[in-house]
Amino acid sequence: MSDMTRNDMTSTNSAGAGGGLVNAQAIFLLIGLALLLAAPFFVYPIFLMKLLCFALFACAFNLLLGYTGLLSFGHAAFFGGAAYITAHTVKEWGVTPEIGVLLGVLAAAFLGLVMGFVAIRRQGIYFAMITLALAQMFFFFCLQAEFTKGEDGIQSVPRGHLFGVVDLNNPIAMYFFVLAVFLIGMAIIWRFVNSPFGMILKSIRENEPRAVSLGYAVDRYKLGAFVMSAALTGLAGGVKALVFQFATLTDVSWQMSGEVILMTLLGGIGTLVGPIFGAGLVVTLQNYLATSSFPVTIITGVVFMVCVLVFRRGIIGEFYASRLGRKLGFVHRR
Amino acid sequence: MTMVFGIPIQAFLGQLLIGLINGSFYALLSLGLAVIFGLLRVINFAHGALYMLGAFVAYLLLAELGIPYWPALIIAPLIVAAFGAVIERTMLSRLYDLDHLYGLLFTFGLALVIEGVFRWEYGASGQPYAGPDLLSGGTNLGFMFLPTYRAWVVVASLVVCLATWLLIEKTKLGSYLRAATENPTLVQAFGVNVPLLLTLTYALGAALAAFAGVLAAPIYQVSPLMGSNIIIVVFAVVVVGGMGSILGAILTGYLLGIAEGLTKVFYPEASNIVIFVIMAIVLLTRPAGLFGRDA
């Protein structure tokens, strides 16, 4: 698996050590934050919220692929599953949005526990096929279950009032809610990756037999990473259901699982911020092509093939590996 | 009326036949996947797309050139095999030194492109394709009605599966292939052209998928989506069988097809997911698969 994930922002591990290097990253971070805060006043908020949801989705997915070396082809189950639960609980049970999202996250985590328990029995390519098959099983479950409303999906979900106070029907308020969730999610991922737990995950990615021989219960760590990734994916899915006010079968389909892989691959597998850029590009492209009759799948497929053939590091991976990137203190690991 | 487990025997046997037919397609497709994976170590996500391509080539041969079913049954697999060979030579062969997952991702992209192109051209709905006159009609077996074409599908797929198995196990070419699976470097050192062998293997897998596609064309409609609907089920079949053995892939294909058909009789709601459930159970009890060799 080590080949899959050659990029890393190891310098973040030593944050606070070298003055100049850290400054460059801090400046990037501040610029990014400033852009995110100002963006809704210039760009269509729904588009931005969609982008943030998918960015969080891709980063959560990357937690598994980039930092543990497991390619899941079934993440749509967690994304769409959480979207259904959030939509259902908010609409039918009348819970507040934050409780709805929380229930979505719990459902996704539980689903991750069950799917992960079965899938981690095989490695590599089998793991990918098993997750795909299990997610497809969940798709058929959603197709037939009562509460998902079949082909129609759960429509016109009310956004409600955050903590019963803030009216989320105001697009700007909704945007800042989504942004807060996104930042919390990213902070969790950053903390997770740089924790001792995250270090052990990386060691499993690099050399699983060795991690076993060092006495780590590899399966438990993998399952932990799987559940964590599923829960964060659920966070993105639940918020997405509130943003668009519906949850449909599209969210649980295998095409969605493929899309998130593409976002991660395009942005840079195993980089903390790469998937954000990948998600941004893919979502923008979809928006751009939504009005034309040209099918998005052809473009998606071609981008996939090109990425795999000649652009495996992804955008951010290439940047880290470039001279400028190295000068700014980003480490590209081979 | 005769009953089996409280089900009319006609319904029971009818679903058994449908299961057997689905199983024929699963067997042909998982066989191709297993052959490709054995040598190339690539999970061919485009296998469903190649199956669809086979059906579409047959459809176009009839619609544009007036070439009927029987020649198409040979020509379509050859065309798709040539297409597969070109893909392997120009692109897929660059990925062998990398992690196997890249092969999966590349073929996934390829599947999206092929499917997208046909969807763009023909829409998502199916095109009817007329089967051969020779095989129209059916036989009344007394206890059930057997359409001739469906019987032909089962027989044809059995014959092709067995022929492929014989090709790999009993011929010189097959022994090269098996040797290259074990140790490609050594086989190359003996003067066998391994890169050519890889190309031929991918072409063979593609031809098998296309053959299944032509067989399926008169039963199901020829639709751009027919490939992606079946490929995930075939993946589950491959996981259940384990990719260690060719015969295992064939046998699992038929068994799971029948299991799916029988579920339709007893508990129709679960028929879509029964194969996935079996997969989960097999993974929990025998992680290597029913016929798998690797740990």
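Residues numbered from 1 in each chain as written. Chains lettered and ligands numbered in written order. Predicted model: local features only at pLDDT ≥ 70, side-chain atom pairs only at ≥ 80, totals over all residues. Heavy atoms only, no water.

**Quick look at the pattern of salt bridges**
All names here are of chain A.
Move 1: In this structure the tally under the stated criterion is four salt bridges over all chains.
Move 2: Here Asp251 and Lys240 are joined by a salt bridge, their closest N and O atoms 2.9 Å apart. Here Asp251, found in the loop between helix 9 (218-244) and helix 10 (254-267), pairs with Lys240, found in helix 9; they are 11 residues apart in sequence, far enough to count as distant.
Move 3: Owing to a relative accessible area of 2%, Asp251 belongs among the buried residues under this scheme.
Move 4: With a shortest N-O distance of 3.4 Å, Arg313 and Glu318 are connected by a salt bridge.
Move 5: Note on Arg313: relative accessible area 25%, which makes it partly exposed. (Salt bridge = Lys/Arg side-chain N within 4 Å of Asp/Glu carboxyl O. Helix = DSSP H or I, 4+ residues; strand = E, 2+ residues; numbered from the N terminus. Buried < 20%, exposed > 50% of the residue type's maximum accessible area, 1.4 Å probe, protein only.)

**Some remarks on the interface of chain B and chain A**
Move 1: Counting from both sides, the interface comprises 43 residues of chain B and, opposite them, 39 residues of chain A.
Move 2: A combined buried area of about 4,100 Å² lies between chain B and chain A, and 80% of that area is made up of carbon and sulfur atoms.
Move 3: Here chain B is connected to chain A by zero salt bridges.
Move 4: Our count for the chain B to chain A interface comes out at two residue pairs in polar contact (both at pLDDT 80 or more).
Move 5: Looking at the side of chain B that touches chain A, the elements that each hand over two or more residues are helix 4 (100-122), helix 9 (226-241) and helix 11 (274-285) of chain B.
Move 6: The class makeup of the residues in the side of chain B that touches chain A is 32 nonpolar, seven polar and four charged. (Contact = heavy atoms within 4.5 Å. Buried area = accessible area lost by both parts, 1.4 Å probe. Polar contact = N/O pair within 3.5 Å; in protein donor to acceptor, adjacent residues only side chain to side chain. Nonpolar A, V, L, I, M, F, W, Y, C, P; charged D, E, K, R; others polar.)

**Observations concerning the UniProt feature "transmembrane region" (unreviewed entry) in chain A**
Residue and element names in this part refer to chain A.
Move 1: Mapped onto this numbering, the UniProt entry annotates "transmembrane region" (unreviewed entry) at residues 20-44, 51-79, 99-118, 125-147, 172-193, 260-282 and 288-311.
Move 2: In the segment residues 99-118, helix accounts for 100% and strand for 0%; the C-alpha atoms at its two ends are 29 Å apart.
Move 3: Counted over residues 172-193, helix gives 100% and strand 0%. Its end C-alpha atoms are 31 Å apart. (UniProt positions renumbered as here; feature names shortened; annotations may be inferred.)

**A short note on the state of the cysteines**
Residues and elements named next belong to chain A.
Move 1: On inspection of all chains with the given rule, the structure shows zero disulfides over all chains.
Move 2: For Cys59, which is in no disulfide, the shortest distance to another cysteine sulfur is to Cys53 and amounts to 12 Å.
Move 3: Exposure remark for Cys59: the relative accessible area of 3% places this residue in the buried category.
Move 4: Unpaired in terms of disulfides, Cys307 finds its nearest cysteine sulfur in Cys59, a separation of 16 Å. (Disulfide = S-S within 2.5 Å.)

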